[in-house]
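# Overview (structure and organization)
For reference, the chains in residue letters:
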Amino acid sequence: MTVFKSIRHIIDEFDSEEALSVSLAKYTADLSEKFAKQKDSFTVVMSGGSLIKSLRKLVEAPYVDSIDWSKWHVFWVDERVVPKYHPDSNYLLAYDGFLSKVPIPSGNVYAINDALSAEAAADDYETCVKHLIHNKIISVSESSGFPKFDLMLLGMGPDGHVASLFPGHPLVQEKKKWVAFIKESPKPPPERITFTFPVINASENIALVVAGAGKAHPVHVALGNGEDSDVLPVQMVSPDEGKLTWFLDKDAASKL
Ligand SMILES: O=C1O[C@H](COP(=O)(O)O)[C@@H](O)[C@H](O)[C@H]1O
């Protein structure tokens, strides 16, 4: 079922996570084809967590064979400051579940420098994005000056956090930095880097992928008549000029 909040804010509700994953694959493949044709590149920002599982249909037929993977440039909306092959690494999660199954050129996969501290890794990642803007791989929002990624694939935690932007944390209000760091994440591991909301909201397309009854409350707060006084981070996902599409399964939408 599709509910339009506006032409740029679409809510798709699916009977199952399986059906959600089928639709998410087509949505992503269609955007890949569009941007590859338009600008010979497709910049995709991934989350960790359950999102990678929901991308599983992309590494199956027909998409695994039809997508021009050579045009993809992959980034992370957030990353834990741990070694790349640590069980908590979002890179490792994406590698095992996705990157190892598709022929994206390794030079087009931008993991953090895991030898650096959280603060230095954030600065290093921001420098990497600026370099790719200079090389015209990443676009820039003319209105905000922030990097404009073609697709931001966001998950959401059961507390309504997105990326590593947690409820009540000052980083949620960061308006200048592109990449910030946190050393006291309420969800382990404690040290992470994260894109900030100005970067998230500069995206051309944002997919907010939420499945499972454990997330029904923040979905209700964000999309229902949520009475909660404090604004959750997920409610701050609002593209400046791009399009936001919620991919919800029935369980996550059960309190709407
Ligand atoms: O810690 C994180 O949590 C969020 C949500 O994960 P999920 O498994 O509840 O979907 C994830 O999007 C983020 O990338 C990750 O670092």
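The following refers to the structure shown. (Residues numbered from 1 in each chain as written. Predicted model: local features only at pLDDT ≥ 70, side-chain atom pairs only at ≥ 80, totals over all residues. Heavy atoms only, no water.)

On to the sheet that holds strand S9 (residues 179-182). Strand pairing in a sheet relies on backbone hydrogen bonds, with the paired strands running either antiparallel or parallel. Taken together, 3 strands build an open sheet; the order of strands is S5-S10-S9 and the sheet is antiparallel. Among the strands making up the open sheet, the edge pair consists of strand S5 (78-80) and S9. Between one strand axis and the next, the sheet turns by 15° as a mean value, whatever way the strands run. Pairing analysis gives 3 bridges linking S5 to strand S10 (residues 192-195), with the strands arranged antiparallel. Of the residues in S10, the one forming a bridge with Arg-80 is Arg-192. (Pairing = 2+ DSSP bridges. Helix = DSSP H or I, 4+ residues; strand = E, 2+ residues; numbered from the N terminus. Axes fitted to C-alpha atoms, helices over the stretch in contact; angles between N-to-C directions.)

Spatial strand order, S1-S2-S12-S11-S8-S3-S4: 7 strands in an open sheet with mixed pairing. Bordering the open sheet on either side are strand S1 (2-6) and strand S4 (72-76), each of which pairs with just one other strand. Across the sheet, the axes of successive neighbouring strands diverge by a mean angle of 15°, strand direction being ignored. In terms of strand pairing, strand S2 (residues 9-14) meets strand S12 (residues 243-249) through 6 bridges, oriented parallel. Its bridge partner being in S12, Ile-11 is matched across the sheet by Trp-246.

What follows covers the site of the ligand. The ligand sits among 15 residues. The nearest are Gly-48, Ser-50, Asp-78, His-161 and Lys-215. For the ligand, an oxygen atom lies 2.6 Å from a polar atom in the side chain of Ser-50. Take Asp-78: an N or O atom from its side chain is 2.5 Å from an oxygen atom of the ligand. Surface burial for the ligand is 93%, taken as the share of its 390 Å² of free accessible area covered by protein chains. (Near = heavy atom within 4 Å. Polar contact = N/O pair within 3.5 Å; in protein donor to acceptor, adjacent residues only side chain to side chain. Areas by Shrake-Rupley, 256 points an atom, 1.4 Å probe, with all protein chains shown as cover.)

Right, let's get into the pattern of salt bridges. One pass over the structure, following the stated rule, counts 12 salt bridges. Of the charged contacts, one joins Arg-56 and Glu-18 as a salt bridge, the two residues approaching to 2.8 Å between their closest N and O atoms. In this pair, Arg-56 sits in the loop between helix H2 (50-54) and helix H3 (63-66) while Glu-18 sits in helix H1 (residues 17-39), placing the two residues 38 residues apart along the sequence. For Arg-56, a relative accessible area of 21% translates into the label partly exposed. Where Lys-57 meets Glu-18, a salt bridge forms, and the shortest distance between an N and an O atom there is 2.5 Å. Of the two residues, Lys-57 sits in the loop between H2 and H3 while Glu-18 sits in helix H1, which places them 39 residues apart along the sequence. The class for Glu-18 is partly exposed, based on a relative accessible area of 39%. (Salt bridge = Lys/Arg side-chain N within 4 Å of Asp/Glu carboxyl O. Buried < 20%, exposed > 50% of the residue type's maximum accessible area, 1.4 Å probe, protein only.)

Glancing now at the packing of aromatic side chains. In this structure the tally under the stated criterion is 14 aromatic pairs. A ring pair is formed by Phe-14 and Phe-247, whose centres lie 6.1 Å apart and whose planes are at 5°; its orientation type is stacked. Of this pair, Phe-14 sits in strand S2 while Phe-247 sits in strand S12; the two residues are 233 residues apart in sequence, bridging distant segments of the chain. Ring centres of Phe-42 and Trp-72 lie 5.2 Å apart, and the angle between their planes is 80°; on these two criteria the pair is classed as edge-to-face. On the criterion of sequence distance, the pair formed by Phe-42 in strand S3 (residues 42-46) and Trp-72 in strand S4 is long-range, its members being 30 residues apart. For the residue pair Phe-42 and Trp-72, the accessibility class agrees, reading buried in each case. A connected cluster of aromatic rings, assembled from ring pairs, spans Phe-35, Phe-42, Trp-69, Trp-72 and Phe-98. Above the face of the Trp-178 ring, Lys-130 is positioned so that its terminal group lies 5.2 Å from the ring centre. (Phe/Tyr/Trp six-rings, centres within 6.5 Å; stacked < 30°, edge-to-face > 60°. Lys NZ or Arg CZ within 6 Å of the ring centre and 35° of its normal.)

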